[in-house]
Amino acid sequence: MSNQELHKISEQVWEISKSGSMRVPGRIFASDKLMQSIRSDESLKQVANVAQLPGIIGYSFAMPDIHWGYGFPIGGVAAFDIEEGIISPGGVGYDINCGVRLMRTNLTLADLKKSVKDLIAGIFSNVPSGIGSHGAIRKLSRRDLEQVALEGASWAVKNGFGDSADLEYIEDRGQLAGGDPSIISQRAFERGADQVGTLGSGNHFIEIGKVADIFDQVAADTMGIFKDKLVIILHTGSRGFGYQICDDFIKTTLNATRKYEIQIPDRQLACAPLKSPEGRDYLAAMRSAANFAFANRQVIASLIENSMMKTLGISPSEIGFRPVWDIAHNIAKIEEHQFGTKNTRVCVHRKGATRAFGPDHPDLPEVYRKIGQPVLIPGDMGTESFLCVGTTTAMQETFGSACHGAGRVLSRHQAKAKARGIDLYKTLAESGVYVMAEQKGTIAEEMPFAYKDVSEVVETMNAAGIIRKVARFKPLGVIKG
Amino acid sequence: MKKRVYTTFPHTADLGIEVYGADLPALFEHSASALFDLMINPRQIKEKETVEFSVRADEPELLLREWLGELLYYSISRHFIFKSFRIKKLTGRELQATATGEAFDSQRHNLKREIKSVTYHELKIIHGDNGWQARFVLDI
């Protein structure tokens, strides 16, 4: 992208001028250093492509962890007018409601009678991970899965996984209204039947870390986050159920794109008007998959707690295990935002981006209303992760959205090539991280050098006022999918 | 795979594939071989059972994606892996083919990666001086 098309408008903000078929400009949050790596792949072109979709409002946004995806860039945010706009399965991605849950504990490393290695091994044997992982809990019938698709995390609680108090600490209480199992294919039900409670592969992980730094004492206290205490971060989504729903609805929306004569620069941007039957059906199917993912994370969290109790031989109250927050980062949501001088209902697509609502938002639980919504930003497995909160600026500037992680800088292939000849387990152990994985190849693909510097990503968002840093976590043990 | 009929191209998050074939049936067969070669070493697969596939789509590129999508779905849902492929009929809108392989056995089969889907991102079929070429991106 030329310098005429891309220009810097402040220390952390860049703009792609409106040109050709773009309906709005592109807006990218990045430091100079991050922009260098962003320019090395096709992601800026994808920002401009998204800007061409009907009904887009304001800007086609990219967060500092942006990288080349398929269709939408990963790290992309776009809001579409509810009357004139579209919804795109490719704008959500295959892993619908892929997301992150942060859990806090009362334990410090010194309190552990066993090692982090023992804890990781216990969780590893209790939570199925890796390619096609299955069988964490009984295989669910079609009727069970329909309930999962409607009820999300509360289905898991009803079935003995966790406590109803957990729901307070999940985005949308872990249940999106408007799911509709009747429009979901048999294929999706088949793929999801034995996958509730499984981690999957790729970049999915479970991490035990400790609170290394507190930046905002009031917010940290509110969230029950205290220095040196152990925390657990879980990253997974809707597994084969979501992948199949995305696949099915890209086909549906490719036909809709032709039917409604929508011009798209890439087939993966297939979309349907929000008001059309195809658009409404996708929204309902996507919400069902999102509920599957919320249930999945709720079940896995409960399996992790059980593993810890068993390994350490202590009671739930001694562990003090509870969710801090559970966030979706591949999703489309109908939300009300102020645009210009008026309130507008929009469909916000967040593809590899998280919601980051500021203080006083009515959708936040009472306990977090003063501090703003927790925003979880895991880094790579060797360095650090961040807990932040959303801000009023995010509400004004990015439709209440922020970054979701470090963002890849090397392709998986390049990362594997770079890892050749390196003792990966030893290298990670030297930085104080014990790792277990079903496939060694996954560790190579997910090594720290494959990712951008997460602190640079977080500092950029923090300096732009989109989020506020609350705490930093140092990883101690990781299970890679 | 005896002869390299595909290469991967760098894609930050996912996996880009370029496949070559002397004609369209060869291109479709090689695309299927590439898909499974990226999941598992074909030397680990025995040719025990043959499955028939019939696929329709409006354009050749969409037909290619449908063919690969059907193979992937069959593989995931039936825990089955394929080694060889034969195109019996191929028009611009219809494909009939067979795929031969065996049931997945975790004792003998070592999967390299999970492929979530064959995306439509920059999906292309090009006819050049040296035959046919297809380009697609896998979500992994």
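Residues numbered from 1 in each chain as written. Chains lettered and ligands numbered in written order. Predicted model: local features only at pLDDT ≥ 70, side-chain atom pairs only at ≥ 80, totals over all residues.

**Remarks on the overall build of chain A**
Across its full length, chain A carries 15 helices and 19 strands. When the backbone C-alpha atoms are referred to their principal axes, chain A occupies close to 65 × 50 × 50 Å. Considering only residue pairs separated by 6 or more positions, chain A has 78% of its internal contacts joining residues 24 or more positions apart. (Helix = DSSP H or I, 4+ residues; strand = E, 2+ residues; numbered from the N terminus. Contact = placed C-beta atoms within 7 Å.)

**Details of the interface of chain B and chain A**
Contact residues are listed per partner, giving 25 residues for chain B and 30 residues for chain A. The set of elements that each furnish at least two residues to the side of chain B that touches chain A consists of α2 (60-78) and β8 (131-139) of chain B. It is α2(B) that contributes the most residues to the side of chain B that touches chain A, 4 residues altogether. Counted by class, the side of chain B that touches chain A contains 10 nonpolar, 8 polar and 7 charged residues. (Nonpolar A, V, L, I, M, F, W, Y, C, P; charged D, E, K, R; others polar.)

**Describing the nonpolar core**
One finds I245(A), M286(A), A402(A) and W67(B) to be the most contacted residues of the largest nonpolar core, which totals 205 residues. Per-element accounting of this core gives the leading share, 16 residues, to helix α9 (residues 277-312) of chain A. Counting contributing residues per domain, this core is built from domain 1 (6-86 + 334-355) and domain 2 (99-333 + 364-480) of chain A, each supplying no fewer than three. With near-sequence residues (within four places) excluded, M286(A) lies in contact with V92(A), I96(A), I245(A) and A332(A). (Core = buried A, V, L, I, M, F, W, Y, C linked by C-beta atoms within 7 Å. Buried ≥ 20, exposed ≤ 12 C-beta atoms within 10 Å, placed from the backbone. Domains from an automatic or database assignment.)

**Digging into unusual backbone geometry**
Residues and elements named next belong to chain A. Its identity as a non-glycine residue notwithstanding, D228 has a phi of 75 degrees, on the positive side. With respect to the element layout, D228 can be found in the loop between α7 (217-223) and β9 (229-236). On the neighbour-count criterion, D228 (12 C-beta atoms within 10 Å) is exposed. The backbone of R239 shows a phi angle near 50 degrees, a positive value even though the residue is not glycine. Here R239 shows up in helix α8 (residues 239-259). For R239, a count of 29 C-beta atoms within 10 Å corresponds to the buried category.

**Regarding the sheet that holds strand β5 (residues 94-103) of chain B**
Residues and elements named next belong to chain B. With antiparallel pairing, the 3 strands of this open sheet are ordered in space as β3-β5-β4. Since the sheet does not close on itself, it has two edges, and those belong to β3 (49-56) and β4 (80-90), each with one partner. Here the strands of the sheet are splayed against their neighbours by 25 degrees on average, with no regard to which way each runs. Helix-sheet contacts for helix α1 (residues 24-37) involve β4 and β5, and the interaxial angle to β4 is about 170 degrees. (Pairing = 2+ DSSP bridges. Axes fitted to C-alpha atoms, helices over the stretch in contact; angles between N-to-C directions.)

**What about the sheet that holds strand β13 (residues 342-351) of chain A?**
Residue and element names in this part refer to chain A. Taken in spatial order, the 7 strands of this open sheet run β1-β2-β3-β4-β5-β13-β12, and their pairing is mixed. The open sheet is flanked by β1 (6-8) and β12 (330-339), the only strands paired with a single partner. Taken pair by pair, the neighbouring strands of this sheet meet at an average axis angle of 25 degrees, ignoring direction. Relative to strand β4 (residues 56-67), strand β3 (residues 26-29) is paired through 3 bridges, and the arrangement is parallel. Opposite I28, over in β4, you have A62 as the bridge partner.

**A closer look at the pairing of β12(A)**
Residues and elements named next belong to chain A. Sheet topology note: the β12/β13 ladder contains 10 bridges and is antiparallel. When the sheet's bridge partners are listed, I334 is paired in β13 with C347. Adjacent in sequence and paired antiparallel, β12 and β13 are bridged by 2 residues, among which G340 carries a positive phi angle near 65 degrees.

**Some points on the packing of helix α3 (residues 116-126) of chain A against α9(A)**
All names here are of chain A. Look at α3 against α9: their axes get within 9 Å of each other, and the N-to-C directions meet at 130 degrees. Of the possible angle classes, the one that applies to α3 and α9 is oblique. When the axes of α3 and α9 are compared, the crossing they make is right-handed. Contact with α3, carried on its side by D118, L119, G122, I123 and N126, involves L303, I304, N306, S307, M308, K310 and T311 of α9 and no other residues of that element. (Parallel < 35°, antiparallel > 145°, perpendicular 65-115°, else oblique. Left-handed = near helix turned anticlockwise from the far one by under 90°.)

**Comments concerning the packing of α1(B) against α2(B)**
All names here are of chain B. Interaxial distance between α1 and α2 falls to 10 Å at its minimum, and their mutual angle equals 40 degrees. Taken as axis vectors, α1 and α2 run oblique relative to one another. In the crossing of α1 with α2, the sense of the turn from one axis to the other is right-handed. Note on element contacts: α2 touches α1 through L64, W67, L68, L71 and L72, opposite F28, S31, A32 and L35. A per-class count over the contact of α1 with α2 returns 8 nonpolar, 1 polar and no charged.

**With respect to helix α2 (residues 43-50) of chain A**
The element α2(A) is largely enclosed, with a buried count of 7 among its 8 residues. Close packing links the buried residues of α2(A) with β1, β2 (13-16), β3, α1 (32-38), β4 and β5 (74-81) of chain A.

**Some thoughts on the domain arrangement of chain A**
Residues and elements named next belong to chain A. Along its sequence, chain A is organised into domain 1 (6-86 + 334-355) and domain 2 (99-333 + 364-480). At the interface, 43 residues of domain 1 touch 41 residues of domain 2. Only α1, β4, β5, β12, β13 and β14 (353-355) provide two or more residues apiece to the side of domain 1 that touches domain 2. Grouping the amino acids of the side of domain 1 that touches domain 2 by side-chain chemistry returns 21 nonpolar, 14 polar and 8 charged.

**Side note on the environment of M395(A)**
All names here are of chain A. Within the secondary structure, M395 is located in helix α11 (residues 392-397). On the neighbour-count criterion, M395 (21 C-beta atoms within 10 Å) is buried. Along the chain, M395 and H361 lie 34 residues apart, while their C-alpha atoms are 9.5 Å from each other. Non-local contacts of M395, meaning those with residues more than four positions away in its chain, are made with F357, G358 and G400.

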